[in-house]
Amino acid sequence: MSAGFYTVMREAPETLQAWLQADKVMQEHSALDAKTAELAYLAVLAALGLEKGIVFHAAEAKKMGASRAEVLSAVLVGLPAAGMRVMECAAEVVRPFDEDEQ
């Protein structure tokens, strides 16, 4: 997790809990299954250039059964709209799969 996440956890735990609760409710009411939602989230992170969350969410997608090709495809789906920033996330999104090979 990012330094910012830890800072909010330490300095504003009530705000963090409210945000996490809202996220939980949104997940519970989503029409997407957990793996698809995680892949979609990876696409959004990449399109926004938020590399810090990529490894964590790629590992979560992997736990849910996503393949290396699926997580990479999720990141690259935003390439036409977001451009090169998604390329910067490509190495990060496959890291959980590379760690298994070591």
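Residues numbered from 1 in each chain as written. Predicted model: local features only at pLDDT ≥ 70, side-chain atom pairs only at ≥ 80, totals over all residues. Heavy atoms only, no water.

### A closer look at the nonpolar core
To keep it simple, the criterion reads: We define the nonpolar core as a collection of buried residues of types Ala, Val, Leu, Ile, Met, Phe, Trp, Tyr and Cys that are connected through side-chain atoms lying within 4.5 Å of one another. A simple rule labels every residue: compare its accessible area, found with a 1.4 Å probe on the protein chains alone, to the largest value its type can have, and call it buried under 20%, exposed over 50%, or partly exposed in between. Helix numbers and strand numbers start at the N terminus; a helix is a DSSP run of H or I with at least 4 residues, a strand a run of E with at least 2. We call two residues contacting when some pair of their heavy atoms lies within 4.5 Å.
Counting 16 residues, the largest nonpolar core has Leu 39, Leu 42, Ile 54, Val 71 and Val 93 as its most contacted members. If you list the elements that add at least two residues to this core, you get helix H3 (34-48), helix H4 (54-63), helix H5 (68-76) and helix H7 (87-93). The element best represented in this core is H3, accounting for four residues. Those residues in contact with Leu 39 that lie beyond four places of it in its chain are Ala 61, Ala 66, Glu 70, Val 71 and Ala 74.

### So, the pattern of salt bridges
Note on pairing: side chains with opposite charge can pair once their charged atoms come close. Heads up, the rule is: Salt bridges are defined as contacts in which a side-chain nitrogen from Lys or Arg sits within 4 Å of a carboxyl oxygen from Asp or Glu.
In the structure shown here, the tally under the stated rule is six salt bridges. Notably, a salt bridge pairs Arg 10 with Glu 11, separated by 3.1 Å at the nearest N-O pair. For the pair formed by Arg 10 and Glu 11, the shared burial category is exposed. Between Arg 95 and Glu 92 there is a salt bridge, with the nearest N and O atoms lying 2.6 Å from each other. Arg 95 gets classed as partly exposed once you look at its relative accessible area, which sits at 36%.

### What about the confidence of the model for the protein chain?
So the rule is basically this: Confidence of the prediction at every residue is given by pLDDT, a number between 0 and 100.
In this model, the protein chain carries a mean pLDDT of 92, and residues with pLDDT of at least 70 account for 97%. By mean pLDDT, helix H8 (residues 95-101) is the weakest element of the protein chain at 83, and H5 is the strongest at 96.

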